[in-house]
Amino acid sequence: MVWELPRESKLTIVAGFVCVSVAIWSTLSSSYMSLWLFLLIFLVSGFFADLLTAFFHFGFDYVFPYSTPILGPIARSFRIHHDNPDLDPSDYIENLTRGAQAAILLAIISLAIPYQAAFLWFLISAVIAGMSVWAIFFHQIHSYSHMGAHLSGEYYLSRVAEIEKLQDIKEKKRQLNQLFKTVPIPAPIRILQNCRIILNPSVHNLHHMSFESDFSSVNGWSDWITNPLFRHIARKYKAAAQSSAEMAAH
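Residues numbered from 1 in each chain as written. Predicted model: local features only at pLDDT ≥ 70, side-chain atom pairs only at ≥ 80, totals over all residues. Heavy atoms only, no water.

Participant: I keep staring at the overall build of the protein chain and nothing clicks. Help me out?
Facilitator: Scanning the protein chain from terminus to terminus reveals 11 helices and zero strands. Relative to a compact globule of 250 residues, whose C-alpha radius of gyration would be 18 Å, the protein chain shows 19 Å and is just as compact. The principal-axis extent of the C-alpha atoms belonging to the protein chain is close to 65 × 40 × 35 Å. Counting across all 250 residues of the protein chain, residues that qualify as buried make up 47%. (Helix = DSSP H or I, 4+ residues; strand = E, 2+ residues; numbered from the N terminus. Rg over C-alpha atoms; globule rule 2.2 N^0.38 Å. Buried < 20%, exposed > 50% of the residue type's maximum accessible area, 1.4 Å probe, protein only.)

Participant: Explain the nonpolar core here, please?
Facilitator: As a rule of thumb, soluble globular proteins bury nonpolar side chains together. Tyr156, Leu176, Phe180, Ile189 and Met209 are the most contacted members of the largest nonpolar core, which has 15 residues in total. Apart from the residues lying within four places of it in its own chain, the contact partners of Leu176 are Ile163, Ser202, Asn205, Leu206 and Met209. Core analysis: the next-biggest nonpolar cluster, separate from the first, contains 14 residues, Val20, Ala49, Val127 and Ile136 among them. (Core = buried A, V, L, I, M, F, W, Y, C linked by side-chain atoms within 4.5 Å. Contact = heavy atoms within 4.5 Å.)

Participant: Would you mind going over the packing of helix H8 (residues 169–180) against helix H10 (residues 201–210) with me for this structure?
Facilitator: Working note: a packed helix pair is described by the angle between its axes plus the distance between those axes. At a minimum axis separation of 9 Å, H8 and H10 run at an interaxial angle of 110°. Taken together, the axes of H8 and H10 lie roughly perpendicular to each other. Seen from H8, the contacting residues are Ile169, Lys172, Lys173, Leu176, Asn177 and Phe180; seen from H10, they are Pro201, Ser202, Asn205, Leu206 and Met209. The class makeup of the residues in the contact of H8 with H10 is six nonpolar, three polar and two charged. (Axes fitted to C-alpha atoms, helices over the stretch in contact; angles between N-to-C directions. Parallel < 35°, antiparallel > 145°, perpendicular 65-115°, else oblique. Nonpolar A, V, L, I, M, F, W, Y, C, P; charged D, E, K, R; others polar.)

Participant: Looking at this structure, I do not really get a nonpolar patch on the surface. What am I missing?
Facilitator: A cluster of nonpolar residues, Leu28, Leu35, Trp36, Phe38 and Leu39, forms a patch on the protein surface that exposes about 580 Å² of accessible area. In terms of residue count, the dominant contributor to the nonpolar patch is helix H2 (residues 35–63) (four residues). (Patch = residues over 30% accessible without salt bridge, like charges linked within 9 Å, V, L, I, M, F, W, Y side chains within 5 Å. Areas by Shrake-Rupley, 256 points an atom, 1.4 Å probe, with all protein chains shown as cover. Salt bridge = Lys/Arg side-chain N within 4 Å of Asp/Glu carboxyl O.)

Participant: Honestly, the pattern of salt bridges in this entry has me stumped. Any pointers?
Facilitator: Note that side chains of opposite charge can pair when their charged atoms are close. On inspection of all chains with the given rule, the structure shows six salt bridges. Notably, a salt bridge pairs Glu162 with Arg159, separated by 2.6 Å at the nearest N-O pair. Pair noted here: Glu162 and Arg159 are both in helix H7 (residues 153–164), with a separation of three residues, about one helical turn. A salt bridge links Arg235 to Glu212; its shortest N-O distance comes to 2.8 Å. Pair noted here: Arg235 is in helix H11 (residues 223–249) and Glu212 is in the loop between H10 and H11, with a separation of 23 residues, a long-range link.

Participant: Please explain the packing of aromatic side chains as it appears in this structure.
Facilitator: Each pair of aromatic rings is reported with the distance of its centres and the angle of its planes. Counted under the stated rule, the structure contains 17 aromatic pairs. With centroids separated by 5.6 Å and ring planes inclined at 50°, the aromatic side chains of Phe60 and Phe64 adopt a geometry described as tilted. What makes Phe60 buried here is its relative accessible area of 6%. Its end group placed over the ring of Tyr66, Arg76 keeps NZ or CZ at 5.3 Å from the ring centre. (Phe/Tyr/Trp six-rings, centres within 6.5 Å; stacked < 30°, edge-to-face > 60°. Lys NZ or Arg CZ within 6 Å of the ring centre and 35° of its normal.)

Participant: What should I look at first to understand H11 in this one?
Facilitator: Three or four residues apart is the spacing at which side chains of an α-helix point the same way, because the helix has 3.6 residues per turn. If you check H11, its first and last C-alpha atoms are 36 Å apart, about what 27 residues at 1.5 Å a residue would give, namely 39 Å. Of all the positions in H11, only Asp223, Thr226, Asn227, Phe230 and Ala234 are classed as buried. For H11, the secondary structure elements touched by its buried residues are H2 and H10. (Expected span 1.5 Å × (residues − 1).)

This is how it looks when you write it as structure tokens:
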């Protein structure tokens, strides 16, 4: 029996929003806060939240065994998601439960930092508080990048396989955008996706072609840093796995 977090919990969602609200109130009420600093914190926290999801996503895809407490069951759900990428953004309870679990931890860390002592500590605390906001919505954002309730798994996978054969990355993104124009993504969400404030389907679904890049699950701002590293490691892992399979076959 592996210890895992609940997939759905209204209590966790309430606790998440309370913790995040307290962390944000603490940040906004500080004498250090200004409009320009708020905008900076928004951008920096969005980048680091995205970077954090990229590292965990890579770990769920390639590192954590299913027997690992908490992380193992999450890894299993991520790998099942590869075979059946049909996340449903209307499933708010499950999506927000997963986000709240991460957000609670980040909010508590932010509140535990004694930022009154120095501006640098305030900035660190504020960025982590901002990350907790991105975190609570990350799985909802991830779901909107798939809209699986409106695309059958079979059709989606067949189209992705066709698009994967294209050599031009811009054409791949264009055709992925065309694919997701056929689903009823709410207009405000589509605007945020197109402005790259939240994860764009054409960017995230590049991940589902080879599972070697684009691991981020918030906005994709950190992919330019993580892609070279993760692509190299993923290919090494795949080569080793293939070699082991061939040896076992003989």
